[in-house]
Amino acid sequence: MTEAPSYLSPTGQEIVFLLLGAVAVGSALLVVTTRQLVHAALWLVVCFGALAGGYLVLTAEFVAWVQVLIYVGAIVALLLFGIMLTRAPIGRTADLDSRNRPAAAVVAVATAVVLVTVVIDGFRTAYAPLEPGGGSAKELGSSIFRNWVLPFEALSVLLLAALIGAIVLSRTDIRGRD
Amino acid sequence: MHVVYPAVVSALLFSIGVYGVLARRNTILVLMSVELMLNAVNLNLVAFDVWLRDRLHGGQVLTLFVIVIAAAEVGLGLAIILALYRNRQTVDLDRLRDLAEPTGTGDGAARDPVRGPLRGPLRGPAPTGSGGALTDSGQAVSESATRSGETS
């Protein structure tokens, strides 16, 4: 790869990416620590939006728009429906965290320390010059339909199976054979 | 762009997701944390695709696949959670302890709401005390008796 410039003179793209990453990590922290269930879903929207911005900075435009469409549009809406249908308490609730919260914090901090140390040690000299166009819809489309056709079709079957499974699970008048 | 920056952001997102999965009680919040972990993986895939200049665009195509699988997973997960809520009137992970042996202090309170099969629309709060299934209709009791006979 190319020679890496110094860390002390970040480019504009790196500054933008770091700001977006800070937003994503901060809102993710709020997702797992907030005391209101609906706010967790809304902070998830902020986190996914910041990640989509990060994909844009990394020149992956198509992935960024798919992220906005599917994650922000579909998945968060589904999660909000789930919150509504399970009659979750709206407003502050004290018991969203279980009793093993300290153990979870210890495990998470240990995971973060190990991963960040390994990643910094491994990729300290790696540098990826950003060139636009690599992640456009045209490039990705030709790549999917030339080289990735079989996984693509398998995924469509998977989506169909998940759809039928969700319908069977959520309807109450379908019963197993006794 | 140094590859360290997206890699560190995704490592932090992943460990935040681990914390959420382990520490939250509400099942929907656990699903949200799983989504955070999947997004960490996606960020890694995109960053490495840009770094390695894959001619097949493997990283970004796999990111799209992961997004699709996450959508399927959330749909199925929410269907399961709704079925759970319909049967037990709770989505609290700490109270779903059917696979564990009943402890000495709990008098089967964690087991009972399952035995009376609640069908159809919601019937209000689940019976929580011991012998809660017995307060159901006689048909429910006989059904649960035959069912336990089958499983034993």
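Cut-offs applied
Residues numbered from 1 in each chain as written. Chains lettered and ligands numbered in written order. Predicted model: local features only at pLDDT ≥ 70, side-chain atom pairs only at ≥ 80, totals over all residues. Heavy atoms only, no water. Helix = DSSP H or I, 4+ residues; strand = E, 2+ residues; numbered from the N terminus. Buried < 20%, exposed > 50% of the residue type's maximum accessible area, 1.4 Å probe, protein only. Contact = heavy atoms within 4.5 Å. Polar contact = N/O pair within 3.5 Å; in protein donor to acceptor, adjacent residues only side chain to side chain. Phe/Tyr/Trp six-rings, centres within 6.5 Å; stacked < 30°, edge-to-face > 60°. Salt bridge = Lys/Arg side-chain N within 4 Å of Asp/Glu carboxyl O. UniProt positions renumbered as here; feature names shortened; annotations may be inferred. Buried area = accessible area lost by both parts, 1.4 Å probe. Nonpolar A, V, L, I, M, F, W, Y, C, P; charged D, E, K, R; others polar. Core = buried A, V, L, I, M, F, W, Y, C linked by side-chain atoms within 4.5 Å.

1. A look at the overall build of chain B
Summing up its helical and strand segments, chain B has five helices and zero strands in all. When the helices and strands of chain B are read in sequence order from the N terminus, they spell out α-α-α-α-α. Per-residue burial for chain B yields a buried fraction of 51% across its 152 residues. Taking all contacts inside chain B whose residues are at least 6 apart in sequence as the whole, residues at least 24 apart take part in 52%.

2. With respect to the overall build of chain A
When you go through chain A residue by residue, the secondary structure sums to six helices and zero strands. Overall, chain A shows an N-to-C arrangement of helices and strands of α-α-α-α-α-α. Within chain A, buried positions represent 34% of all 178 residues. Intrachain contacts of chain A at a sequence separation of at least 6 include 71% that bridge at least 24 residues.

3. Some words on the environment of Thr27(B)
Residue and element names in this part refer to chain B. Assignment of secondary structure puts Thr27 in helix α2 (residues 27-52). What makes Thr27 buried here is its relative accessible area of 13%. For the pair Thr27 and Ile81, spaced 54 residues apart in sequence, the C-alpha to C-alpha distance is 7.3 Å. Among all residues touching Thr27, those that are not within four sequence positions of it are Ile81, Val91 and Leu93. From its side chain, Thr27 meets the backbone oxygen of Val91 in a polar contact 2.5 Å long.

4. Quick word on the packing of aromatic side chains
Here the structure, examined in full by the defined rule, presents seven aromatic pairs over all chains. Here Tyr7(A) and Tyr5(B) contribute two aromatic rings whose centre-to-centre distance is 6.0 Å and whose plane-to-plane angle is 80°, an arrangement assigned as edge-to-face. Of the two residues, Tyr7(A) sits in the segment before α1 (12-33) while Tyr5(B) sits in helix α1 (residues 4-23), which places them in two different chains. Since its relative accessible area comes to 32%, Tyr7(A) is described here as partly exposed. Aromatic side chains Phe48(A) and Tyr71(A) sit 4.6 Å apart centroid to centroid with 50° between the ring planes, which places their arrangement in the tilted category. In this pair, Phe48(A) is assigned in helix α2 (residues 37-57) and Tyr71(A) in helix α3 (residues 61-85), connecting sequence segments 23 residues apart. Taking the relative accessible area as the measure of exposure, Tyr71(A) reaches 0% and is therefore buried. In this structure an aromatic cluster arises from ring pairing among Phe123(A), Phe48(B) and Trp51(B).

5. A word on the pattern of salt bridges
Taken as a whole and assessed by the stated rule, the structure comprises seven salt bridges over all chains. The partner of Asp121(A) in a salt bridge is Arg124(A), with the nearest N and O atoms 2.9 Å apart. On the basis of relative accessible area, Asp121(A) is assigned to the exposed category, the value being 53%. Residue Arg53(B) pairs with Glu131(A) through a salt bridge whose shortest N-O separation is 3.6 Å. Linking Arg53(B) in the loop between α2 and α3 (58-88) with Glu131(A) in the loop between α4 (101-122) and α5 (137-147), this pair reaches from one chain into another.

6. With respect to the UniProt feature "transmembrane region" (unreviewed entry) in chain B
Residues and elements named next belong to chain B. Under the UniProt annotation, the feature "transmembrane region" (unreviewed entry) is placed at residues 6-22, 29-52 and 64-85. Note that residues 6-22 is 100% helix and 0% strand, and that its end C-alpha atoms are spaced 24 Å apart. In residues 64-85, the share of helix is 100% and the share of strand is 0%. The end C-alpha atoms are 31 Å apart.

7. Side note on the interface of chain A and chain B
Taken together, the contact between chain A and chain B spans 90 residues of the former and 71 residues of the latter. Summed over both sides, the interface of chain A with chain B buries roughly 7,400 Å², with 76% coming from carbon and sulfur. It is Val32(A), Thr86(A) and Trp148(A) that lose the most area in chain A upon contact with chain B, and together they represent 8% of the buried surface on that side. Put simply, chain A and chain B have two salt bridges between them. Viewed at the interface, chain B and chain A are joined by 21 residue pairs in polar contact (both at pLDDT 80 or more). Sorting the residues of the side of chain A that touches chain B by element identifies α1, α2, α3, α4, α5 and α6 (149-170) of chain A as the ones contributing at least two each. Its residues assigned to classes, the side of chain A that touches chain B comprises 60 nonpolar, 19 polar and 11 charged.

8. Description of the UniProt feature "transmembrane region" (unreviewed entry) in chain A
In the numbering used here, UniProt assigns the "transmembrane region" (unreviewed entry) feature to residues 15-33, 40-58, 64-85, 105-128 and 148-169 of chain A. As annotated, residues 148-169 of chain A comprises 95% helix and 0% strand, and the C-alpha atoms at either end are separated by 31 Å.

9. Describing the nonpolar core
With 66 residues, the main nonpolar core has Phe17(A), Leu44(A), Leu58(A), Met32(B) and Leu36(B) as its most contacted residues. Residue assignment for this core shows that the elements contributing at least two residues are α1, α2, α3, α4 and α5 of chain A together with α1, α2 and α3 of chain B. With 11 residues, the top contributor of residues to this core is α2(B). Beyond its immediate sequence surroundings of up to four residues, Leu58(A) is in contact with Phe17(A), Leu130(A), Met1(B), Leu43(B), Val46(B), Ala47(B) and Val50(B). Counting six residues, the second-largest nonpolar core is a separate cluster that includes Val116(A), Val119(A), Val4(B) and Ala11(B).

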